[in-house]
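Understanding the architecture of this molecule
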Amino acid sequence: MRKASLWQRVFDLERAVVEDVEFDPGQVVVVHARPVARARRRCGCCGARCPRFDRGSGRRRWRALDLGTVQAFIEADAPRVRCPRHGVIVAAVPWARHGAGHTRAFDDTVAWLACHTSKSAVRALMRIAWPTVGAIITRVSADIDARTDRLDGLRRIGIDEISYRRGQLFLTAVVDHDTRRLVWLGEGRTKATLHAFFDQLGGERSARITEVTADAARYIAAVVADRAPQAVRCADPFHVVQWATHELDLVRRRIWNQARNAPGGRGRPREGRSQESAGDARTLQRSRYTLWKNPEDLTGRQQAKLDWIATAAPELHRAYLLKEGLRSVFAVGGTEGIEGLNRWLSWAQRCRIEEFVRLGRKVRRQLDPIHASLRLGLSNALLEATNTKIRLLTRIAYGFRTPRSLMALAMLALGGHRPDLPGR
């Protein structure tokens, strides 16, 4: 094999000619190359053949994958062309994306590593700064989006929001229940954010959406009713049961404060600490997780505490049974679940527990989406799992300057179109 062909194969230089190879005194390998005739004078954005404009900034280098422990670069001319659509722009080269300082193989390797390994591993192995990783991920994700329509064939979708940084900064996520993939991410949790998704989806494809799962956020309901009125909106069972758990904890706090203010409810104050609960108040204070857990998951000690609550605080025990009754409605599902929900609403209305009377009214306001969820068996469980993975990626992506890099990393890792390792 000729030396030029060997270096062409090593650096994956398709549609390019290797002119020379030198070993730089700075301990790097530099390959001098040029595109073949039919690949020259093409727009860096659209790839159209264009007239030459000037020499640009002269020769430049692109970082390539290392050769063992030695860094490698590709050096070539970077002339500019005049594109009818994009104006004066740097001509495309076959081995790198437009505007990149690295080869395609280098970009794809970094993107693959970012999806599978830690931040420190990517930085150490590829010898680049973390902001550079963010720029590469954004570039690779945009390249995949240009070749792939993630929104094609959507029928049943789930919508939810996730916090990605302290200070009430949110992303809106959309998943496909059929492919179980993340298909869209947007910055913010507003009507404008969700309208941007439907704008990208288009009116024709929006009309094909049949079911939408979401929590009870009003902005989601309003936008779905406006942009996809034919879609059946399904309430997420997890969030409905979460409402009941929240109200149960409010009941526990109220009864605990009553016991704490009763004689013998306060213990001796300790140095450096506020006055603690004592007696029954202390037991009620420490019963939070016992009341939250499912009955089948209780330990022997927690079951004994629940039995004590049934005797010592019957109102709190009834609130616990109401919470479990609502949970069992979704566990059963279907027509039987709808009938069970009607019985539960009647029970909540006459339970004489203020918090659950209020919850009953709230459930009635969301009755149609809840019935749809029971009838169709849809939930946001897939979205909750996706959000958990995004939170992990958020920790990995700590240090990115903008949420765009995090969104690109999430789409690469969870969107079903991960970049392959070069040559694999």
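As a reminder, the structure under discussion sits directly above these lines.
Counting of residues starts from 1 at the beginning of each chain's written sequence and follows it residue by residue. With pLDDT at 70 or above as the cut-off, local features in this predicted model cover only qualifying residues; side-chain atom pairs require 80 or more to be listed or tallied, and sums for whole chains, interfaces and linings still use all residues. Derived side-chain values reflect all non-hydrogen atoms in the structure, with water molecules and hydrogen atoms excluded from consideration.

1. Some points on the packing of aromatic side chains
- Within 6.5 Å between ring centres, the rings of Phe, Tyr and Trp (the latter by its six-membered ring) count as paired, and their orientation is classed by plane angle as stacked under 30 degrees, edge-to-face over 60, tilted in between. By the definition in use, this model includes five aromatic pairs.
- Consider the rings of Trp62 and Trp95, whose centres lie 5.5 Å apart with planes at 85 degrees: the pair is edge-to-face. Here Trp62, found in strand β4 (residues 59–67), pairs with Trp95, found in the loop between β7 (87–90) and α2 (104–116); they are 33 residues apart in sequence, far enough to count as distant. Each of the two residues, Trp62 as well as Trp95, counts as buried.
- Members of the aromatic cluster, joined through ring pairs, are Trp184, Phe197 and Phe198.
- The ring of Phe73 carries the charged tip of Arg61 above its face, separated from the ring centre by 6.0 Å.
- Criterion for a charge above a ring: Arg CZ or Lys NZ at most 6 Å from the ring centre, at most 35 degrees from the ring normal. The ring centre of Trp243 lies 4.4 Å from the NZ or CZ of Lys362, which sits over that ring. Helical segments are the DSSP runs of H or I of at least four residues, strand segments are the runs of E of at least two, and each set is numbered from the N terminus. For each residue, the accessible area found with a 1.4 Å probe, counting protein chains only, is set against the maximum for its type, and the residue is called buried under 20%, exposed over 50%, and partly exposed in between.

2. Quick word on the sheet that holds strand β5 (residues 70–77)
- If you trace the four strands from one edge of the open sheet to the other, you get β1-β2-β5-β4, paired in mixed fashion. Both outer strands of the open sheet, β1 (16–24) and β4, are each paired with one neighbouring strand and no more. Sheet twist, expressed as the mean angle between neighbouring strand axes with direction ignored, is 25 degrees.
- The pairing of β1 with strand β2 (residues 28–35) spans eight bridges and is classified as antiparallel. Directly across from Val21, in β2, lies its bridge partner Val31.
- Of the strands in this sheet, β1, β2 and β4 touch helix α1 (residues 3–10), which is tilted by about 90 degrees from β1. Should DSSP find at least two bridges between two strands, the strands are regarded as paired. Lines are fitted to the C-alpha atoms to define the axes, a helix being fitted only along its stretch in contact, and any angle between axes, read from their N-to-C directions, falls within 0 to 180 degrees. Contacts are residue-level and defined by heavy atoms, with any inter-residue pair within 4.5 Å sufficient.

3. Points about the nonpolar core
- Residues grouped as a nonpolar core are buried Ala, Val, Leu, Ile, Met, Phe, Trp, Tyr and Cys residues, joined through side-chain atoms within 4.5 Å. Counting 37 residues, the largest nonpolar core has Leu316, Leu341, Trp344, Phe356, Val363 and Ile370 as the members making the most contacts within it.
- For this core, the elements supplying multiple residues, two or more each, are α8 (237–261), α9 (280–285), α11 (300–312), α12 (314–332), α13 (334–349), α14 (354–365) and α15 (367–376).
- Among the elements that line this core, the one with the most residues is α8, at nine residues.
- When near neighbours in sequence (up to four residues on either side) are disregarded, Phe356 contacts Ala244, Glu247, Leu248, Val251, Ala319, Leu322, Lys323, Trp344, Ala348 and Cys351.

4. As for helix α7 (residues 218–227)
- For α7, the complete set of buried residues consists of Tyr219, Ile220, Ala221, Val223 and Val224.
- Against β8 (156–165), β9 (169–176), α5 (191–201), β11 (211–214) and β12 (232–235) lie the buried residues of α7.

5. Looking at the layout of surface pockets
- Space inside and on the surface of the protein is sampled on a 1 Å grid over the protein atoms alone, with a cavity defined as a set of points where a 1.4 Å probe fits but cannot get out and a pocket as an open set with protein on both sides within 12 Å along at least 5 of 7 lines; lining residues have an atom within 4 Å of a point. Grid points are joined across faces, edges and corners, and a volume is the space filled by probe spheres set on the points. Taken as a whole, the largest pocket holds about 540 Å³ of empty space.
- What lines the largest pocket is a set of 28 residues, among which Gly44, Ala96, Arg97, His98 and Arg104 lie closest to the centre.
- Residue contributions to the lining of the largest pocket peak at four residues, all from helix α4 (residues 130–147).
- When residues are sorted by character, Ala, Val, Leu, Ile, Met, Phe, Trp, Tyr, Cys and Pro go into the nonpolar class, Asp, Glu, Lys and Arg into the charged class, and all the rest, Gly among them, into the polar class. When its residues are assigned to classes, the lining of the largest pocket shows 16 nonpolar, four polar and eight charged.
- The volume enclosed by the second largest pocket comes to roughly 470 Å³.
- Taken together, 19 residues make up the lining of the second largest pocket; nearest its centre are Phe11, Asp12, Arg104, Ala105 and Pro422.
- Those elements giving two or more residues to the lining of the second largest pocket turn out to be α1, β4 and α2.
- Of the residues that constitute the lining of the second largest pocket, the class distribution is ten nonpolar, two polar and seven charged.
- The residues that make up the lining of the second largest pocket include at least three from each of domain 1 (1–99) and domain 2 (102–235 + 379–423). Domain segmentation is taken from an automatic or database assignment of domains.

6. Some words on α13
- For a helix, the expected span equals 1.5 Å multiplied by the residue count minus one. Taking 1.5 Å per residue as the helical rise, α13 with its 16 residues ought to reach 22 Å, and the 23 Å between its terminal C-alpha atoms agrees with that figure.
- Buried residues of α13: Gly337, Ile338, Gly340, Leu341, Trp344, Leu345 and Ala348, and no others. Down the axis of α13, the buried set is contained in an arc of 160 degrees. They therefore lie on one face. Exposed and facing more than 90 degrees away from the buried side of α13 are Thr335, Glu336 and Arg343. Think of the arc as the fan of directions from the helix axis to the C-beta atoms.

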